[in-house]
Amino acid sequence: MPTLLQTAPMSESDSSQPSLVFAYYVTGHGFGHATRVVEVVRHLISSGHRVHVVSAAPEFVFTTEIHSPNLFIRHVLLDSGSVQSDALTVDRRASLEKYCEIAVEPRDSILATEVEWLKSIKANLVVSDVVPIACRAAANAGIRSVCLTNFSWDFIYAEYVMAAGHHHQSIVWQIAEDYSHCEFLIRLPGHCPMPAFHDVIDIPLVVRPLHKSREEVRRELGVPDNVKLLIFNFGGQPTGWKLKEEYLPAGWMCLVCGASAKQELPPNFIGLPKDVYTPDVIAASDCMLGKIGYGTVSEALACKLPFIFVRRDYFNEEPFLRKMLEYYQGGVEMIRRDLLAGCWAPYLERAVTLKPCYDGGIDGGEVAAKILQDTAMGKKRSKLNLSGARRLQDAIILGFQLQRAPGRDLSVPEWYQVTGDEAGTPLVDQTHKSSKFVEGFEILHGDHHGLIDTVSFLDSLATLAKIGGHHQEREHLAAAALFNWEEDIVVARAPGRLDVMGGIADYSGSLVLLMPTREACHAAVQRNHPSKQKLWKHAEARHHSRDTPILEIVSFGSELSNRGPTFDMDLSDFVEEDGKPISYEKAYQYFSKDPSQKWAAYVAGTILVLMREMNVRFEDSISILVSSTVPEGKGVSSSASVEVSTMSAIAAAHGLEISPRDVALLCQKVENYVVGAPCGVMDQMASACGEANKLLAMICQPAEILGLVEIPSHVRFWGIDSGIRHSVGGSDYGSVRIGAFIGKTMIRSFASSETNSGEAEEKSSELIEYDASLDYLCNLSPHRFQALFASKLPQSITGEEFMEKYGDHGDSVTTIDRKGTYHIMAPTKHPIYENFRVQAFKALLTATPSEEQVIGLGELMYQCHDSYSACGLGSDGTDRLVRLVQKMEKLKHSKTENGTLYGAKITGGGSGGTVCVIGRSSLRSSEQILEIQRKYKEATGFMPYVFEGSSPGAGKFGYLKIRKNSAPPPST
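I will try to describe carefully the structure that is included in this document.

Rules behind the numbers
Residues numbered from 1 in each chain as written. Predicted model: local features only at pLDDT ≥ 70, side-chain atom pairs only at ≥ 80, totals over all residues. Heavy atoms only, no water. Helix = DSSP H or I, 4+ residues; strand = E, 2+ residues; numbered from the N terminus. Contact = heavy atoms within 4.5 Å. Areas by Shrake-Rupley, 256 points an atom, 1.4 Å probe, with all protein chains shown as cover. Pairing = 2+ DSSP bridges. Axes fitted to C-alpha atoms, helices over the stretch in contact; angles between N-to-C directions. Buried < 20%, exposed > 50% of the residue type's maximum accessible area, 1.4 Å probe, protein only. Phe/Tyr/Trp six-rings, centres within 6.5 Å; stacked < 30°, edge-to-face > 60°. Lys NZ or Arg CZ within 6 Å of the ring centre and 35° of its normal. Parallel < 35°, antiparallel > 145°, perpendicular 65-115°, else oblique. Left-handed = near helix turned anticlockwise from the far one by under 90°. Nonpolar A, V, L, I, M, F, W, Y, C, P; charged D, E, K, R; others polar. Core = buried A, V, L, I, M, F, W, Y, C linked by side-chain atoms within 4.5 Å. Domains from an automatic or database assignment. Salt bridge = Lys/Arg side-chain N within 4 Å of Asp/Glu carboxyl O. Polar contact = N/O pair within 3.5 Å; in protein donor to acceptor, adjacent residues only side chain to side chain. Arc of directions from axis to C-beta.

This part covers the overall build of the protein chain. From N to C terminus, the protein chain includes 32 helices and 31 strands. For the protein chain, contacts bridging at least 24 residues in sequence account for 72% of all contacts bridging at least 6. Summed over all atoms, the accessible surface of the protein chain reaches about 37100 Å², with 50% contributed by carbon and sulfur.

Written as structure tokens, this is what we have:
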């Protein structure tokens with residue numbers, strides 16, 4: 001194994017400045033933080049200061065570069081960062097649990113120890129990158145503190161709470177509160193939103209200097225000048241992947257960072273020692289393959305080195321660094337399975353054609369050191385001088401999401417902002433008559449109904465047909481190469497839904513009332529013979545045979561949700577050797593391999609469900625483009641709109657006649673079994689069967705549509721997004737659902753015991769027998785529940801206790817964790833009472849218009865909201881929005897103001913997402929909704945999106961069949 005000679009240690013320079021003492025805390029997450037800290041510390045020490053580094057990183061990371069008696073290393077772990085199960089996968093639950101173990105449980109003793117230590121070294125300034133508790137310890141010790149970073153852990157961990165459960169949300173708030181004691185933030189390029197900091201100083205990239213020339217490094221490694229050199233850099237973690245000679249094209253060699261001494265490498269791969277000076281090796285290479293982190297991105301940009309990256313799962317720092325990398329034309333994304341399968345050639349060929357153009361500063365280490373020195377000497381920079389609590393109230397939003405509408409967060413770099421928002425335009429163009437022609441296409445079947453979003457989608461297809469390969473955005477580039485533009489394309493549309501009443505009671509058989517949203521998803525589908533299918537270069541390299549059907553998918557808006565924009569697979573992957581479709585379990589495992597592409601399960605899963613449930617065989621290749629304006633994670637069924645629009649388009653393209661109701665039921669199977677989210681059926685039913693400006697009334701036993709309820713002209717519904725991400729795959733929703741099914745099982749058992757004991761009176765024996773065979777909780781009336789069973793149900797029970805006594809809980813889409821504890825009373829009670837509330841709501845809605853009518857409707861919504869909270873499905877953001885509505889409602893009792901809003905409730909699966917509001921259909925109501933938006937923004941820093949208006953479901957819309965029209969449309 002070749003060894004690179006190490007650079008001589010830097011020498012200290014004389015300085016007229018007084019010697020200062022810095023305590024520099026470094027997060028335990030990866031080497032990237034430690035290596036950039038080295039550059040800042042190097043400049044501080046060269047100015048004659050003493051620096052105590054507190055870190056769990058190996059000592060050689062610091063001492064290799066800095067040999068000085070003024071550098072002190074204290075090996076302590078005060079935060080754990082993200083726990084990774086491998087180089088690309090973050091374990092969200094384990095990350096929060098580890099942080100609890102390291103920084104939460106021993107918090108008091110940590111603070112006491114750190115305060116004592118800071119005083120003992122007489123620190124002039126505490127610097128944190130980006131250890132939360134260091135800021136609080138500094139404040140307790142009476143020492144100023146500064147953070148230097150491109151991300152903060154409150155932002156990263158907020159997403160993890162979705163998987164680990166909202167009982168962990170206090171961690172995020174505590175971290176943000178700790179950061180709020182920091183005086184100001186020194187912010188690096190490629191930063192993510194960091195709302196806990198108000199005073200910010202932006203600096204250039206912190207990049208380590210080069211010590212050797214490209215020629216020197218190659219000569220030491222024995223790499224000829226005419227050989228292309230790839231550096232394989234996945235951080236300090238050994239990947240354990242088996243590398244093969246055929247992964248590299250002829251004329252290439254690969255340098256492997258972090259290679260184990262025992263790892264056998266092919267002859268065209270060279271292992272590098274762990275203490276190699278990476279910047280020199282990067283500069284000597286022609287391309288880098290790795291995961292995105294601050295260190296890899298900054299040094300690739302500084303060296304103008306093309307970077308082939310593979311996405312990491314669940315690390316929210318990545319999208320911002322990725323966008324910076326792509327902005328400077330330095331990035332190529334590789335699909336994870338191509339990395340593991342060794343399909344590297346097309347990516348390498350693409351990478352060497354790039355011309356990275358970063359021209360910004362790379363002296364951030366020197367700049368940061370000067371700022372820190374000035375601050376330690378007493379220079380004041382903070383202009384706000386706010387208390388920690390006030391800064392926290394103004395700044396932090398638990399669950400801030402990457403998917404956002406324009407202007408959602410001012411701290412996002414300009415190059416990350418979305419440039420358009422179809423949802424902000426009117427729903428229907430009244431001047432646009434139904435036409436068989438739109439720009440660039442002839443409509444062979446169907447009608448766009450004058451829907452602005454549909455016309456806009458068709459216009460975007462026409463633009464794609466024109467631009468070919470001439471477009472900057474990767475998803476548009478992929479979409480332009482997706483279709484044979486001379487062949488027919490089928491387009492379907494499906495809206496999201498606003499849960500007016502019913503919500504999570506759907507899986508317990510409740511009546512639900514749902515309104516389709518104005519926002520919708522469009523899916524364009526084309527089928528082609530495999531020999532005529534257009535393939536992307538990386539897909540073509542993988543699919544050697546052109547005789548088998550291929551599925552290719554492009555998802556617009558992928559960058560807003562941190563997912564890969566494309567997906568492709570052999571449709572034969574859905575078929576067993578005996579010719580039968582694979583099981584849902586195998587499909588779930590198939591799409592779970594790469595979480596950055598798990599989104600494809602919502603789209604491709606429709607194909608498998610059609611194969612399994614309707615015995616459909618797909619012999620042609622299929623191309624699918626999905627474009628949605630239904631925001632994700634807001635509790636308005638973005639997933640259902642994707643599933644329903646995709647299945648509707650696929651069915652139409654293949655001549656399958658499926659009723660809207662059956663489409664919804666099939667799409668529920670996609671979400672339950674292929675995606676693995678335990679949702680009820682109401683979302684898909686609203687998306688498929690709903691109609692504009694009407695409420696779909698449905699009894700979920702399993703899907704009996706009662707009809708459509710007209711929304712009275714004097715009543716209006718809005719949805720207001722809290723900014724807190726909702727997911728039916730989250731632990732809280734699943735736990736509450738399990739609790740409800742456990743409760744039903746117990747009630748049946750109680751009723752059976754009473755029947756068998758003969759204690760039931762003759763006149764009530766039939767009712768008891770009915771309860772003993774209870775199929776849906778909502779078939780039990782509130783008064784019977786309260787009289788007979790409420791006192792017998794426990795507040796909670798462990799999974800092990802339940803399974804030992806009762807066995808199965810009777811729900812095929814959730815699994816009981818034996819070690820888990822489940823609340824029973826509230827999850828069981830909620831659907832029983834909610835069903836009654838929805839029935840009352842439906843009756844009131846059709847009653848004679850009156851003030852008492854809308855007051856009663858609002859009260860029912862408030863009761864529903866409180867019941868969600870009792871189940872543990874509330875959130876700070878949604879509670880705040882409901883309180884703001886209540887304050888507006890109280891204006892009705894004022895002599896000077898007229899309140900026109902009457903009620904509000906959390907929607908869907910809860911734990912964040914959207915609040916549904918009811919009010920009078922008036923200008924004053926719209927003004928009050930805008931006032932709520934403004935006040936929420938003032939209190940939280942987040943401008944909520946407002947859902948307003950409605951649109952037809954997929955069944956009412958039908959489908960369009962379009963064909964490229966070379967001639968201009970006829971003039972009118």
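Having put the structure on the table, let's press on.
What follows concerns the sheet that holds strand E14 (residues 307-310). By way of backbone hydrogen bonds, the strands of a sheet pair with one another, either parallel or antiparallel. Judged by pairing direction, the sheet is parallel, and its 6 strands sit side by side in the order E12-E11-E10-E13-E14-E15 without closing on themselves. The open sheet has two free edges, formed respectively by strand E12 (269-271) and strand E15 (331-333), since each of these has just one partner strand. Going from strand to strand, the sheet's axes swing by 25° on average, the running direction of each strand aside. Bridge analysis of E14 against E15 gives 3 bridges, and the strand direction is parallel. Note on E15: the bridge partner recorded for Phe307 is Gly331.

On the secondary structure map, Asp178 appears in helix H7 (residues 169-179). On the basis of relative accessibility, which here comes to 0%, the residue Asp178 falls in the buried class. Residues in contact with Asp178, not counting those within four places in the same chain, are Arg107, Pro132, Ile133, Cys135 and Arg136.

A few words on the packing of aromatic side chains. Summed over the entire model, instances satisfying the criterion amount to 26 aromatic pairs. Pairing Phe441 with Trp485 gives two aromatic rings, centres 6.4 Å apart and planes at 45°, and the pair type is tilted. In this pair, Phe441 is assigned in strand E17 (residues 441-445) and Trp485 in the loop between helix H17 (474-480) and strand E18 (489-501), connecting sequence segments 44 residues apart. Assessed through its relative accessible area of 9%, Trp485 is described here as buried. Site record: aromatic cluster; members linked through ring pairs are Tyr99, Phe151, Trp153, Tyr157 and Tyr160. Geometry around Tyr584 places Arg612 over its ring, the cationic atom sitting 4.7 Å from the centre. Here the basic side chain of Lys829 rests over the ring of Tyr833, its NZ or CZ set 5.3 Å away from the ring centre.

The N-to-C vectors of helix H30 (residues 876-889) and helix H31 (residues 923-940) enclose an angle of 135°; their axes lie 10 Å apart at closest approach. When the axes of H30 and H31 are compared, the pair comes out oblique. Classified by chirality, the crossing of H31 by H30 is right-handed. Where H30 abuts H31, its residues Gly877, Arg880, Leu881, Leu884, Val885 and Met888 lie against Gln928, Glu931, Ile932, Lys935, Tyr936, Ala939 and Thr940. For the contact of H30 with H31, a count of residues per class yields 7 nonpolar, 3 polar and 3 charged.

In this section: the pairing of strand E29 (residues 914-920). Of all 7 residues making up E29, 6 are buried, and the element is well covered by its neighbours. With 7 bridges connecting them, strand E25 (residues 715-721) and E29 associate as antiparallel partners. Its bridge partner lying in E29, Trp718 is registered against Val917.

All right, on to unusual backbone geometry then. At the junction of Asp129 and Val130, the peptide bond is cis and its omega measures out at -15° in the coordinates. Relative to the helices and strands, Val130 resides in the loop between strand E6 (125-129) and helix H5 (132-141). Between Gln701 and the following residue, Pro702, the backbone shows a cis peptide bond with an omega angle of -5°. Of note, Pro702 is situated in the loop between strand E23 (694-699) and strand E24 (704-710).

Before going further, it helps to examine the packing of helix H29 (residues 851-871) against H30. Across the interface, H29 lies against H30 with an axial gap of 12 Å and an inter-helix angle of 155°. On the basis of their axis angle, the class for H29 and H30 is roughly antiparallel. The interaxial crossing formed by H29 with H30 has left-handed handedness. Mapping the contact onto sequence places Tyr862, His865 and Ser869 in H29 and Thr878, Asp879, Val882, Val885, Gln886 and Glu889 in H30.

What follows concerns the nonpolar core. Phe22, Tyr24, Val40, Val41, Phe62 and Leu372 are the most contacted members of the largest nonpolar core, which has 64 residues in total. If you count residues domain by domain, this core takes at least three from each of domain 1 (21-207 + 392-398) and domain 2 (214-353). Once residues within four sequence positions are removed from consideration, Val41 is found in contact with Tyr24, Val51, Val53, Ile66 and Leu71. In terms of nonpolar packing, the next biggest core, distinct from the first, is built from 61 residues, Ala523, Tyr584, Ile622 and Ile658 among them.

What follows covers the sheet that holds E29. Taken in spatial order, the 4 strands of this open sheet run E28-E29-E25-E30, and their pairing is antiparallel. If you trace the sheet from one side to the other, it starts and ends with strand E28 (901-906) and strand E30 (946-948), each paired once. Within the sheet, the average angular offset between the axes of one strand and its neighbour, ignoring direction, is 25°. Its contacts with the sheet put H31 on E25, E28, E29 and E30, and the angle it makes with E25 is roughly 15°.

Turning our eyes to something else, we now look at the pattern of salt bridges. Enumeration over the complete set of coordinates arrives at 39 salt bridges. For Arg36, the salt bridge identified is with Asp129, shortest N-O distance 2.8 Å. Taken together, the residues Arg36 in helix H1 (residues 32-46) and Asp129 in strand E6 connect sequence positions 93 residues apart. A relative accessible area of 4% places Arg36 in the buried class. Accessibility expressed as a relative area gives 0% for Asp129, which makes it buried. Measuring nitrogen to oxygen at the nearest pair gives 2.4 Å for the salt bridge that ties Arg934 to Glu931.

The next subject is the environment of Asn528. By secondary structure assignment, the location of Asn528 is in strand E19 (residues 511-528). For the pair Asn528 and Glu487, spaced 41 residues apart in the sequence, the C-alpha separation amounts to 8.7 Å. Discounting chain neighbours no more than four positions away, the residues touching Asn528 are Asn484, Glu487, Gln533, Asp620 and Ser621. Polar side-chain contacts of Asn528 include one of 2.9 Å to the side chain of Gln526.

Moving on, we come to H7. Because an α-helix completes one turn every 3.6 residues, residues spaced three or four positions apart along the sequence face the same direction. With respect to burial, H7 is a largely interior element, 8 of its 11 residues being buried. Residues of H7 that are buried: Gln169, Ile171, Val172, Ile175, Ala176, Glu177, Asp178 and Tyr179.

Here we take up helix H8 (residues 214-221). Within H8 the residues assigned to the buried category are Val217, Arg218 and Leu221. Down the axis of H8, the buried side of the element spans an arc of 95°, and every buried residue falls inside it. Its buried side turned inward, H8 meets strand E10 (228-233), strand E11 (252-256), E12 and helix H9 (278-284). Looking at the residues trailing H8, positive phi occurs at Gly222, about 75°.

Take the environment of Leu665 next. Looking at the secondary structure, you find Leu665 in helix H22 (residues 660-675). For the pair Leu665 and Pro702, spaced 37 residues apart in the sequence, the C-alpha separation amounts to 9.0 Å.

By the secondary structure assignment, His538 is in helix H18 (residues 537-542). You can call His538 buried: its relative accessible area is 15%. Distance in space between the C-alpha atoms of His538 and Met334 is 8.7 Å, their sequence separation being 204 residues. Beyond its immediate chain neighbours, meaning those up to four positions away, His538 contacts Ile335, Asp338, Cys343, Pro346, Tyr347, Thr566 and Asp568.

Most of strand E21 (residues 566-570) sits inside the fold, with 5 of its 5 residues counted as buried. Burial along E21 is two-sided: Thr566, Asp568 and Asp570 facing one way and Phe567 and Met569 facing the other are all buried. Bridge analysis of strand E20 (residues 550-555) against E21 gives 5 bridges, and the strand direction is antiparallel. The residue bridging Val554 from the neighbouring strand is Thr566, located in E21.

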